[in-house]
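Residues per chain, in single letters:
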Amino acid sequence: MVGALARTPPLFSLFIKIPLPLISRNSRCIFGTIIHFPKPKLTPTSMDNFSMDKRLHLCTLALSNDSPSRSASAPLVSNKSRKKARRESPEGVLKHKLDMCSRHGHLVEALRLYDEARSIGLPLSVHHYNVLLYLCSSNGGADDDGVGLKRGFEIFRQMVDDKVVPNEATFTSAARLAAAAEDPEMAFHLVKQMKGLGIPPKLRSYGPALFGFCKKGEADRAYEVDAHMVESKVIAEEPEISALLKVSSDSSKVDKVYEMLHRLRISVRQVSESTSAVVEEWFMSEEAANVGMESWDVEKVREGVVRGGGGWHGQGWLGSGNWRVVRTQMDETGTCSCCGQKLVSIDIDPNETENFATSLSKLASQREVKADFFQFKEHGPFDAVIDGANVGLINLHNFSFSQLNTLVNRLRQMSPSKRFPLVILHKNRVTGGPAQNPNNKKLLESWQKAGALYATPAGSNDDWYWLYAAVNSKCLLVTNDEMRDHLFQLLGTNFFPRWKEKHQVRMSVSREGLALHMPPPYSIVIQESEDGRWHVPTSTGDDIETPRQWLCATRATTNTK
């Protein structure tokens, strides 16, 4: 095989065998030789310019050297005709069938299609191979007697023999195959090769190696994967940090447990039920009872709290003895109903708000008509902004201007300057349907005259407007929208939840009338008190009717310093 590879174009001469010590015995027995992709030996000048696109282009040229060029006099073909021809070609038909197999999880049928294509010499693209590898890695070893696992590596080797340039999806599926073979070492080796080929790894690329090492209890190797992620600027999310927290706890690496709780606090804030179980398991463990200081420097702890912005001191485990872990709730003031500790409100840096408003404006300008959005930016400031469509439909089938007006009047009364809030409504809401009712029409005119109404243009997304107005004015935002869809995911997972927590006002309507649920006077984030108590918010609850559940971890503490 090595001799055959030596005769291939330069790109593919990079593909050689993985050293056998890197592959588990199980992998060697089942799959034999597995390939890897070492870093190409390029000159410093060429390395900067030798992108993956150029490699693919060079590969395409190498594979098409014998293809006859189109005659200058050949008739031009429309894009529609070309797309139809590609779709109806043998390769296009195979692509469609494999995509259907992927959609429905039909591994056996996909392998039959692959074998049939190989038997007739049909060339396969990177997409064909990636679909096959995805199906094999999704099913490998789980419910197919290991067929997906075995065929997956076989297909991966064939992809190299066919000189098909891999991409991130290829490596990720190969890493998942390695993880299914219980070989996280090989999964990590594969993801490390991606950088050498100019392919930036994604979070999903690291998962097989990270979770594999964690599952085996190899904490130090899991930390190596985590460090590689940081180096590649790939940000771990809750599943990855939770896995690192558990392997740290199981391995009695108390400092790492402390670090992972801090990372959960920064990036996740409210943990899922599965992560809260991991946290609870740690505090109930013997190791947790044995770690901690019976006395500490109070001033140093307080300095840490100030430096950290509140709710965290970073000085390590305080106190001694067994922990008492209870599921509890906070009252309206943020006081724990179990231990009586009052949680703090962590301030937001004004510069962060300014940067967030700038980033939000940039994103909105890319997705909205620039002239419309730039004109809107001139409005303000306001004491409150209302998501009109959301408020007008709360508990109702038909839009209610009366309900919206009740809220407008309530917010105006609450305003120190008695200023109108800004109502954001789509143009259709302002011109059609209930808006034509004489009373509603008069109401809309009064809001417009007071500068309290903005009708977003046809085809626009209201969300960008009411969110930007609230952020830019640093004011309250009234909406029951949980702001979890794709648009809000674009804003990132760090600052936005903190801003939302301090500025979103929710509303409920009952027989007693309209009720406003103001932002809590405390921060819903993991908090470590100055005397060593811990409060961990979970994602259970978090609505008007159901209070949020918290983990409260306390123990007897002494402080003699």
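Please refer to the structure higher up on the page.
Position labels on residues start from 1 in each chain and follow its written sequence. For a predicted model such as this one, the threshold for reporting local features is a pLDDT of at least 70, and the threshold for listing and counting side-chain atom pairs is 80 or more; totals across whole chains, interfaces and linings nevertheless cover every residue. No hydrogens and no water enter the side-chain calculation; it runs on all heavy atoms of the structure.

> Tell me what's going on with the nonpolar core, and back it up with residues and numbers.
Take the buried residues of types Ala, Val, Leu, Ile, Met, Phe, Trp, Tyr and Cys, join any two whose side-chain atoms come within 4.5 Å, and each joined set is a nonpolar core. Using a 1.4 Å probe on the protein chains alone, a residue whose accessible area is under 20% of its type maximum counts as buried, one over 50% counts as exposed, and one in between counts as partly exposed. Counting 78 residues, the largest nonpolar core has L261, F283, W317 and W534 as the members making the most contacts within it. We call two residues contacting when some pair of their heavy atoms lies within 4.5 Å. Discounting residues that sit within four places of it in the chain, W317 has contacts with V254, V257, Y258, L261, W282, F283, V291, G292, M293, W323, W534 and R555.

> Describe the packing of helix α10 (residues 168-180) against helix α12 (residues 203-216), with residues and values.
Here α10 crosses α12 at 15 degrees, and the two axes come no closer than 8 Å. Our classification of the angle between α10 and α12 gives roughly parallel. Note that α10 runs across α12; the crossing there is left-handed. Only R204, S205 and P208 of α12 make contact with α10, whose side of the interface consists of E168, A169, T172, A175, R176 and A179. Here an angle of 0 to 180 degrees is reported between the N-to-C directions of two axes, which are lines fitted to C-alpha atoms, with helices fitted over the stretch in contact. Helix numbering and strand numbering both begin at the N terminus, where a helix is a DSSP run of H or I of at least 4 residues and a strand a DSSP run of E of at least 2. Roughly parallel here means an angle under 35 degrees, roughly antiparallel means over 145, roughly perpendicular means 65 to 115, and every remaining angle is called oblique. Here a crossing is taken to be left-handed if its near helix is turned anticlockwise relative to the far helix by less than a right angle, and right-handed if that turn runs clockwise.

> Any chance you could break down the sheet that holds strand β11 (residues 534-537) for me, citing the residues and the numbers?
Taken together, 4 strands build an open sheet; the order of strands is β3-β12-β11-β10 and the sheet is antiparallel. Each of the sheet's edge strands pairs with one partner strand only, and the pair in question is β3 (324-328) and β10 (527-528). Both β10 and β11 contribute to a ladder of 2 bridges, which runs antiparallel. By the bridge assignment, E528 is partnered in β11 with W534. Docked against the sheet, helix α16 (residues 273-283) engages β3, β11 and β12 (550-554), running at close to 155 degrees with respect to β3. The criterion for strand pairing is that DSSP finds at least two bridges linking the strands in question.

> Please give an account of the packing of aromatic side chains that cites residues and values.
Aromatic ring pairs: the centre-centre distance and the angle between the two ring planes describe each pair. Two rings belonging to Phe, Tyr or Trp (six-membered ring only in the last case) form a pair when the distance between their centres is within 6.5 Å. Interplanar angles under 30 degrees mark stacking, angles over 60 mark edge-to-face geometry, and anything in between is tilted. Evaluated as defined, the whole model comprises 21 aromatic pairs. Ring geometry for F283 and W317: centres 6.1 Å apart, planes at 85 degrees, overall edge-to-face. Taken together, the positions of F283 in helix α16 and W317 in the loop between α18 (298-307) and β3 put the pair 34 residues apart, joining distant regions of the chain. By relative accessible area, which is 2% here, F283 ends up buried. In this structure an aromatic cluster arises from ring pairing among Y258, W282, F283, W312, W317, W323 and W534. We call a charge positioned above a ring when the Lys NZ or Arg CZ atom is no farther than 6 Å from the ring centre and deviates by at most 35 degrees from the ring normal. Above the plane of the ring of F188 lies K192, whose end atom (NZ or CZ) is 4.5 Å from the centre.

> Can you lay out the pairing of strand β8 (residues 504-510) for me, pointing to particular residues and giving the numbers?
Most of β8 sits out of view: 5 of its 7 residues are buried. One ladder, built from 2 bridges, connects strand β7 (residues 476-478) with β8; its direction is parallel. Paired with L477 across the two strands is Q504, which belongs to β8. Where β8 meets strand β9 (residues 513-517), 5 bridges bridge the pair, whose relative direction is antiparallel. Following the sheet pairing, M507 is matched in β9 by L516.

> Hey, could you go over unusual backbone geometry for me, with residue numbers and the actual values?
Despite not being glycine, K163 has its phi angle at roughly 60 degrees, a positive value. By secondary structure assignment, the location of K163 is in the loop between α9 (147-161) and α10. With relative accessibility at 26%, the residue K163 sits in the partly exposed group. A positive phi angle, close to 55 degrees, is found at K474, a residue other than glycine. Topologically, K474 is positioned in the loop between α25 (462-473) and β7.

> How would you sum up the side chain of T554? Please name residues and give values.
Relative to the assigned elements, T554 resides in strand β12. Beyond its immediate sequence surroundings of up to four residues, T554 is in contact with N322, W323, R324, C339 and R533.

> Give me the lowdown on the environment of P200, citing residues and values where you can.
With respect to the helices and strands, P200 occurs in the loop between α11 (184-196) and α12. According to the relative accessible area criterion, P200 is exposed, its value standing at 62%. Taking the C-alpha atoms as reference, P200 lies 9.3 Å from N167; in sequence the two are 33 residues apart. With residues up to four places along the chain from it excluded, the contact list for P200 reads E168 and M194.

> Please provide a residue-by-residue account of the pairing of β11, values included.
In summary, the side chains of a regular strand alternate between the two faces of the sheet. Because side chains alternate across β11, one face comprises the buried residues W534 and V536, and the other comprises H535 and P537, equally buried. Count of turn residues in the β10/β11 antiparallel hairpin: 5 residues, of which G532 carries a positive phi of about 95 degrees. As paired elements, β11 and β12 share 4 bridges and run antiparallel to each other. Bridge pairing links W534 to A553 in β12.

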